[in-house]
Amino acid sequence: MSMSGKLRKSKVDPHRPFDPAIVREAKAIADRYQLVIWKEDGHYYGCGVELPNSFGDGKTIDACASLTREAFIYTVATLLEHGKKVPPPAIEEIRTEQINVRLTSREKLQLETTAGQKGFKGVSDYVRSAVLLGK
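Rules used throughout
Residues numbered from 1 in each chain as written. Predicted model: local features only at pLDDT ≥ 70, side-chain atom pairs only at ≥ 80, totals over all residues. Heavy atoms only, no water. pLDDT = per-residue confidence, 0-100. Contact = heavy atoms within 4.5 Å. Buried < 20%, exposed > 50% of the residue type's maximum accessible area, 1.4 Å probe, protein only. Helix = DSSP H or I, 4+ residues; strand = E, 2+ residues; numbered from the N terminus. Pairing = 2+ DSSP bridges. Salt bridge = Lys/Arg side-chain N within 4 Å of Asp/Glu carboxyl O. Core = buried A, V, L, I, M, F, W, Y, C linked by side-chain atoms within 4.5 Å. Axes fitted to C-alpha atoms, helices over the stretch in contact; angles between N-to-C directions.

Quick look at the confidence of the model for the chain now. Averaged over the chain, the pLDDT score is 87; the fraction of residues at 70 or greater is 88%. Under a pLDDT of 50 for its full length, residues 1–5 has, in the predicted model, 1 contact with residues more than four places off or in other chains.

This is the structure:
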């Protein structure tokens, strides 16, 4: 079977406007997202902490922020419309990201032992506290 036969086609016409209720919901969510703006060659570019692949740009910081926030709204609206999970605002500090670190058996035992001795529930809490909080 060819790859094109495996792709599902969306039943939503991409050229039609979003339902206004979805846009309102998306705006309420996107307004809480953190914006990152940088200047390059005299032009401003922006993206989101929660949506690093949603971009905007502009000749001024305000123009860039406005266009980037608009991109957030339509990215979130698309996710909502398709029943996809919307990233929570970073300000809520919900732990959604995970990393995988390979250790030797001895390193794992050492981390578990040290975490327990220092009163942590597990290695994750210990590493998070030691590295991110500097404790």
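What follows is about the pairing of strand β3 (residues 55–58). What you see with β3 is a clean split: G56 and G58 sit on the buried side and F55 and D57 on the side with no burial. Connecting strand β2 (residues 43–48) to the antiparallel partner β3 that follows it, the hairpin turn spans 6 residues.

Below, the discussion takes up unusual backbone geometry. You will see that D41, though not glycine, has its phi angle at about 55°, which is positive. By the secondary structure assignment, D41 is in the loop between β1 (35–40) and β2. Classification of D41 by relative accessible area gives exposed; the value is 79%. Phi at E93 is positive, roughly 50°, even though this residue is not glycine. Residue placement: E93 occurs in the loop between α3 (61–81) and α4 (105–117).

Taken as a whole, this structure holds 4 salt bridges when the rule is applied. Between E92 and R32 there is a salt bridge, and its shortest N-O distance comes to 2.6 Å. Remark: R32 occurs in the loop between α2 (20–30) and β1 and E92 occurs in the loop between α3 and α4; sequence separation between them is 60 residues. On the accessibility criterion, E92 (35% relative accessible area) is partly exposed. The exposure class assigned to R32 is partly exposed, which follows from its relative accessible area of 42%. Residue R128 is joined to D125 by a salt bridge in which the shortest nitrogen-to-oxygen separation is 2.8 Å. With R128 and D125 both in helix α5 (residues 123–132), this residue pair falls 3 residues apart, about one helical turn. R128 sits in the partly exposed class, given a relative accessible area of 23%.

Counting residues in hydrophobic clusters, the biggest one holds 11 residues: F18, I22, A26, A30, Y33, L51, F72, I73, V76, A77 and V86. Of all the secondary-structure elements, those providing two or more residues to this core are α2 and α3. Among the elements that take part in this core, α3 stands out by supplying 4 residues, more than any other.

The next point concerns the sheet that holds β3. Read across the sheet, 3 strands follow the order β1-β2-β3 without closing on themselves; strand pairing throughout is antiparallel. The sheet is open, and its two edges are formed by β1 and β3, each paired on a single side. Taken pair by pair, the neighbouring strands of this sheet meet at an average axis angle of 25°, ignoring direction. Both β1 and β2 contribute to a ladder of 6 bridges, which runs antiparallel. Within β2, the position partnered with L35 by the bridge is G48.

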